[in-house]
Amino acid sequence: MNRDDVAWSGYWPASPTPFTESGAVDADGLRDLMNLYADVAVDGVLVNGSTGEWFSQTDDERRQVAEIAIDAVAGRFPVVIGVSAYTARESSELAAHAASAGADGVLSTPPPYVHTSGEETFRFYEKISTATELPFMAYNWPRGVAVDMAAVPGLFSRLADLDNVVAIKDSTGDWLRMLDTVEAVSDRVRVFGSFLHRRGLATLLELGGDGNIDGGGVGAPFAVPFYRAVAERDADSARGWVDKYRAFSGSLINGDYSGIHASPIPQLKAVMNLLGQPGGYVRDPLLPVTDPETLDVLQNIVVQSGIQDAYARPVGASHAL
């Protein structure tokens, strides 16, 4: 397989997993969230990634979440299931379940906590990417796993040559390293990275790259039309949309993917709840955002960004400035 075997591009939410106040998986909330993503015309979704709090779920819950999401999306856009785990065996078992449930692909980071070497990381991906016949996305997430694959010379190129690897999600936090990734492998695999700013627009139009997988997807009313404009090579329209997105997102998330006002997932769910979206509660060890001053700051960001009004527009109307 290679990049031409999938049509993965554009703006994808990394979906949170809605939990009830008691900590149970909120199945109805998750279905509602997939329908919201369809309403705002996203290009795909990642389920059970870092934003999905896979680390606080049992394997049975991860399977449940995957099944609910795949069923709710019902083929309207690609669903990629996160299968990150501490061992290749665990990841492979989750990948096999994702395949049986009808997923369009699977994704994994290197194993967390372990600090694998370049060769160990490659062997890990060699095993799990062939556990099924599904298209596979390798996920570089140094903030979460303390390994930056982009810093290992030639590693992404080796991964791009593996049979089922069709994409790389590069969340290095080092933008120049991400550009190196685009240059090195975007002719062979899809590259999802940090493109939602004017420098990213220039990269997409001239160098390469395919899309963003964005925590929670709350910026969809700005990011979806941005990628539509990029596909049409309408740079003027794309600049307008990406400036709106950047003003909103830049008030919430730092360049290294840390949250500005709270840790990223609680902050995201607080913003979603302010927007009336089914973000739900976080799970231990995360804590919900309850401080009134912080919630006021987040509410002001929502209001100033115009994102709430953008969600109120009819589907399709968001594609004109």
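Parameters at a glance
Residues numbered from 1 in each chain as written. Predicted model: local features only at pLDDT ≥ 70, side-chain atom pairs only at ≥ 80, totals over all residues. Heavy atoms only, no water. Patch = residues over 30% accessible without salt bridge, like charges linked within 9 Å, V, L, I, M, F, W, Y side chains within 5 Å. Areas by Shrake-Rupley, 256 points an atom, 1.4 Å probe, with all protein chains shown as cover. Salt bridge = Lys/Arg side-chain N within 4 Å of Asp/Glu carboxyl O. Helix = DSSP H or I, 4+ residues; strand = E, 2+ residues; numbered from the N terminus. Buried < 20%, exposed > 50% of the residue type's maximum accessible area, 1.4 Å probe, protein only. Pairing = 2+ DSSP bridges. Right-handed = clockwise from strand over helix to strand, strands pointing away. Phe/Tyr/Trp six-rings, centres within 6.5 Å; stacked < 30°, edge-to-face > 60°. Lys NZ or Arg CZ within 6 Å of the ring centre and 35° of its normal.

> It is not clear to me how a nonpolar patch on the surface should be interpreted in this structure. Could you clarify?
On the surface, Tyr86, Tyr113 and Val114 cluster together into a nonpolar patch covering about 400 Å² of accessible area. Tracing the chain through its elements places valine 114 in the loop between strand E4 (105-108) and helix H4 (118-128).

> Looking at this structure, how should I read the pairing of strand E3 (residues 79-82)?
Residues in a regular strand project their side chains so that they alternate between the two faces of the sheet. Every second residue of E3 is oriented toward a common face, with Val79 and Ile81 on one face and Val80 and Gly82 on the other, all of them buried. Of the pairings in the sheet, the one linking strand E2 (residues 45-47) to E3 comprises three bridges and is parallel in character. Looking at E3, one finds that leucine 46 is bridged to valine 80. Running through helix H2 (residues 59-73), the crossover from E2 to the neighbouring parallel element E3 is right-handed. As paired elements, E3 and E4 share three bridges and run parallel to each other.

> What exactly am I supposed to notice about the packing of aromatic side chains here?
Here a ring pair, both rings aromatic, is described through the centre-centre distance and the interplanar angle of the planes. Evaluated as defined, the whole model comprises nine aromatic pairs. Relative to phenylalanine 192, the ring of tryptophan 12 lies with its centre 5.3 Å away and its plane at 65 degrees, an arrangement referred to as edge-to-face. One end of the pair, tryptophan 12, is in strand E1 (residues 10-14); the other, phenylalanine 192, is in strand E7 (residues 190-192), with 180 residues separating them in the sequence. With relative accessibility at 1%, the residue phenylalanine 192 sits in the buried group. Both rings, one in tyrosine 125 and one in phenylalanine 136, keep their centres 5.8 Å apart while their planes meet at 75 degrees; by these two values the pair is edge-to-face. Taken together, the residues tyrosine 125 in helix H4 and phenylalanine 136 in strand E5 (residues 136-140) connect sequence positions eleven residues apart. Side by side, tyrosine 125 and phenylalanine 136 carry an identical accessibility label, which is buried. Ring pairing ties together the aromatic residues Trp8, Trp12 and Phe192, which thus form one cluster. Here arginine 158 stacks its cationic end above the ring of phenylalanine 122, 3.8 Å away from the centre of that ring. Against the face of tryptophan 175 rests arginine 199, its NZ or CZ located 4.7 Å from the ring centre.

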